[in-house]
Amino acid sequence: MKNNLSKYFIRKFITTKNIIHIIINSFLILIVLLCLTIIKLSNDFYKATTNGIEGRTLVLPESTDLNLIKNNKSIIFASEGKYRFGYNFDFNEINYIYIKPLLDENHIKMIDGHVLKEKGDMICPKKLYPYEYSLNMDFSKTIDSKSLFDTPLSNGKYNFNVVGTYTNIQMEEANVCYISVNDFSLFDIDSYNQKMIVYDKKENYNSITDFLDNNNISYINPITFDESYVYLKTIPIYILSIVIIIILNIAYSFAKKNINNNNKIIGLLRAFGEQKKFILLYFLIAHIILISISILVSIIVFFAIYSIIQPYLTEFMYYNLYINLPISYTLIFILIFYLFIVLIIKHLLNKKFKIEINNLLEKNNKA
């Protein structure tokens, strides 16, 4: 009986109706994957921006008393505004890096070599793009900064030695390297007659601003988010919610119609003594296979789309911000989807099992 039942379900599996169902599901699941990816991208962008040094920087008036500012233990750096900016450093005639002062050692995670110790020391990201920003950036020219060890870098006026590499930092340019504050102070950079502070962590923003307000010190937060970020974050959430509701409704309707159309076979199987758990198992396997094919197709299409648009993502790569499928969120969605399928199949079949066998046979494919 079990072999006959298996042959029946295999024969019923490859139908035009099921193929259409797979195509529709694949398209909707693809939208879910794209929405999850955009949501993750917006979260990564916000987190990297606000937790970075620039995101923890406040600009103060030139008249600010820095001695008063330094009394706040959450403020890790306070000085003139020139340290907000970088220095354009050309070397080897064709190469270029953007030098910044290391204002917070906790901002970096060292990989090779050592931190800044001596005058002229420099640390660079593990994957360094030693060229200026352009619309035609070729990231195949990215190098391992370790290859610059023991190779003095000079622009004819300043000389530096790369002594360490660190993990690339999101939302930081791919051609940035760090030197000490003392070395950076030698550069002539216009600070627009302002002072600046850097505080230790974003969670202390309110206490810092309260401290400044209490001391009648005005401040400017250089990092602001406009409406485009709000749209980037909220619109995918709305679309995701709507699409998931549509997917679950389609899944329920498809399962209900499929089971109703098999009233007769369910009745016959029960009449021949087939156990309910095996009937349930075959229906579950059939629907899970359909869903699995849909998920597989959507993932394949997702990565195909990614490979097509990848050449146009140089702006993201330049800022070490990579677009990746959020694996954890995707797995949660897939597990919930499978669980939903299991629950509705069990629910619909349990309703059928309560119906007398004769009544199921009399329905003969009627809902």
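Whatever comes next refers back to the structure up there.
All chains use their own residue numbering, which begins from 1 and follows the written sequence. Thresholds applied to this predicted model are a pLDDT of at least 70 for local features of residues and 80 or more for the giving and counting of side-chain atom pairs; totals over whole chains, interfaces and linings are not thresholded and use all residues. Hydrogens and waters are ignored; side-chain quantities use all the structure's heavy atoms.

Asks: Just to check I follow, could you spell out the overall build of the chain for this structure?
Replies: Helix and strand definitions follow DSSP, with helices as H or I runs of at least four residues and strands as E runs of at least two, each counted in order from the N terminus. Scanning the chain from N- to C-terminus turns up 11 helices and 12 strands. Taking the contacts inside the chain whose residues are at least 6 apart along the sequence as the reference set, 81% of them involve residues at least 24 apart. All accessible-area figures derive from a Shrake-Rupley calculation using a 1.4 Å probe, and residue coverage is judged against the displayed protein chains alone. Accessible surface computed for the chain: about 20300 Å², of which carbon and sulfur atoms make up 57%. In what follows, a contact means two residues having at least one pair of non-hydrogen atoms within 4.5 Å.

Asks: Sorry if this is basic, but what is going on with the side chain of Thr165 here?
Replies: Structurally, the position occupied by Thr165 is in strand E10 (residues 159-166). Of note is the side chain of Thr165, whose polar atom sits 2.9 Å from the side chain of Asp112. Leave out the neighbours within four places in its chain, and Thr165 touches Lys109, Met110, Ile111, Asp112, Cys124, Lys126, Ser145, Lys146 and Phe149. Contacts described as polar in this section are N or O atom pairs within 3.5 Å, which, within protein, must combine one atom able to donate a hydrogen with one able to accept it, while residues neighboring in sequence count only if both atoms come from side chains.

Asks: Explanation requested: the layout of surface pockets in the structure shown.
Replies: Empty space among the atoms becomes visible once a probe the size of a water molecule is rolled across them. The definitions used throughout rest on a 1 Å grid laid over the protein atoms alone, on which a cavity is an enclosed set of points accommodating a 1.4 Å probe that cannot get out and a pocket is an open set flanked by protein within 12 Å on both sides along at least five of seven lines; lining residues are those having an atom within 4 Å of a point. Grid points are joined across faces, edges and corners, and a volume is the space filled by probe spheres set on the points. For the largest pocket, the calculated volume is near 630 Å³. Lining of the largest pocket is provided by 31 residues; of these, Glu54, Lys100, Met171, Glu172 and Glu173 occupy positions nearest its centre. For the lining of the largest pocket, the elements supplying multiple residues, two or more each, are helix H2 (16-51), strand E4 (95-101) and helix H9 (314-318). With four residues, H2 is the single largest residue contributor to the lining of the largest pocket. Side-chain classes are defined by residue name, with Ala, Val, Leu, Ile, Met, Phe, Trp, Tyr, Cys and Pro counting as nonpolar, Asp, Glu, Lys and Arg as charged, and the others, Gly among them, as polar. Of the residues in the lining of the largest pocket, the class split is 18 nonpolar, seven polar and six charged. Estimates place the volume of the second largest pocket at around 450 Å³. Forming the walls of the second largest pocket are 16 residues, and the residues nearest its centre are Ala48, His107, Asn168, Ile169 and Gln170. Tallied by class, the residues present in the lining of the second largest pocket amount to four nonpolar, eight polar and four charged.

Asks: So what exactly am I meant to see when it comes to the packing of aromatic side chains here?
Replies: Two measures describe an aromatic ring pair: the distance that separates the ring centres and the angle between the ring planes. Side-chain rings of Phe, Tyr and Trp, where Trp is taken by its six-membered ring, are said to pair if the distance between their centres is within 6.5 Å; with planes under 30 degrees apart they count as stacked, over 60 as edge-to-face, and otherwise as tilted. Summed over all chains, the structure comprises 15 aromatic pairs. When the centroid spacing of 5.3 Å and the interplanar angle of 80° are considered together, the rings of Phe184 and Phe187 count as edge-to-face. With 6.3 Å between their ring centres and 50° between their planes, Tyr199 and Tyr205 make a pair best called tilted. Each residue is placed in one exposure class: buried if its accessible area under a 1.4 Å probe, protein chains only, is under 20% of its type's maximum, exposed if it is over 50%, and partly exposed if it falls in between. Using a relative accessible area of 23% as the deciding quantity, one classes Tyr205 as partly exposed. One aromatic cluster in this structure is built from Phe77, Tyr83, Tyr87, Phe89, Phe91, Tyr158, Phe160, Phe184 and Phe187.

Asks: Explain the sheet that holds strand E2 (residues 75-80) to me, please; I cannot follow it from the model alone.
Replies: By definition, the strands of a sheet pair up through backbone hydrogen bonds, in either a parallel or an antiparallel sense. Any two strands between which DSSP finds at least two bridges are classified as paired. Strand order in the open sheet formed by three strands is E1-E12-E2, with antiparallel pairing between adjacent strands. For this open sheet the edge positions go to strand E1 (57-61) and E2, each flanked by a neighbour on one side alone. Across the sheet, the mean angle separating the axes of adjacent strands is 20° when strand polarity is ignored. Bridge count between E1 and strand E12 (residues 194-199): five bridges; the pairing is antiparallel. Bridge assignment links Pro61 to a residue of E12, and that residue is Gln194. All axes here are fitted lines through C-alpha atoms, helices being fitted over the stretch that makes contact, and every angle between N-to-C directions spans 0 to 180 degrees. Together, E1, E2 and E12 form the strand contacts of helix H5 (residues 205-214), whose direction differs from that of E1 by roughly 5°.

Asks: How should I be thinking about the environment of Gln194 in this particular structure?
Replies: As for its position among the elements, Gln194 is in strand E12. On the basis of relative accessibility, which here comes to 25%, the residue Gln194 falls in the partly exposed class. Along the primary structure Gln194 and Gly81 are separated by 113 residues, whereas in three dimensions their C-alpha atoms are 5.1 Å apart. Those residues in contact with Gln194, other than ones at most four positions away along the chain, are Val59, Leu60, Glu62, Glu80, Gly81 and Arg84.

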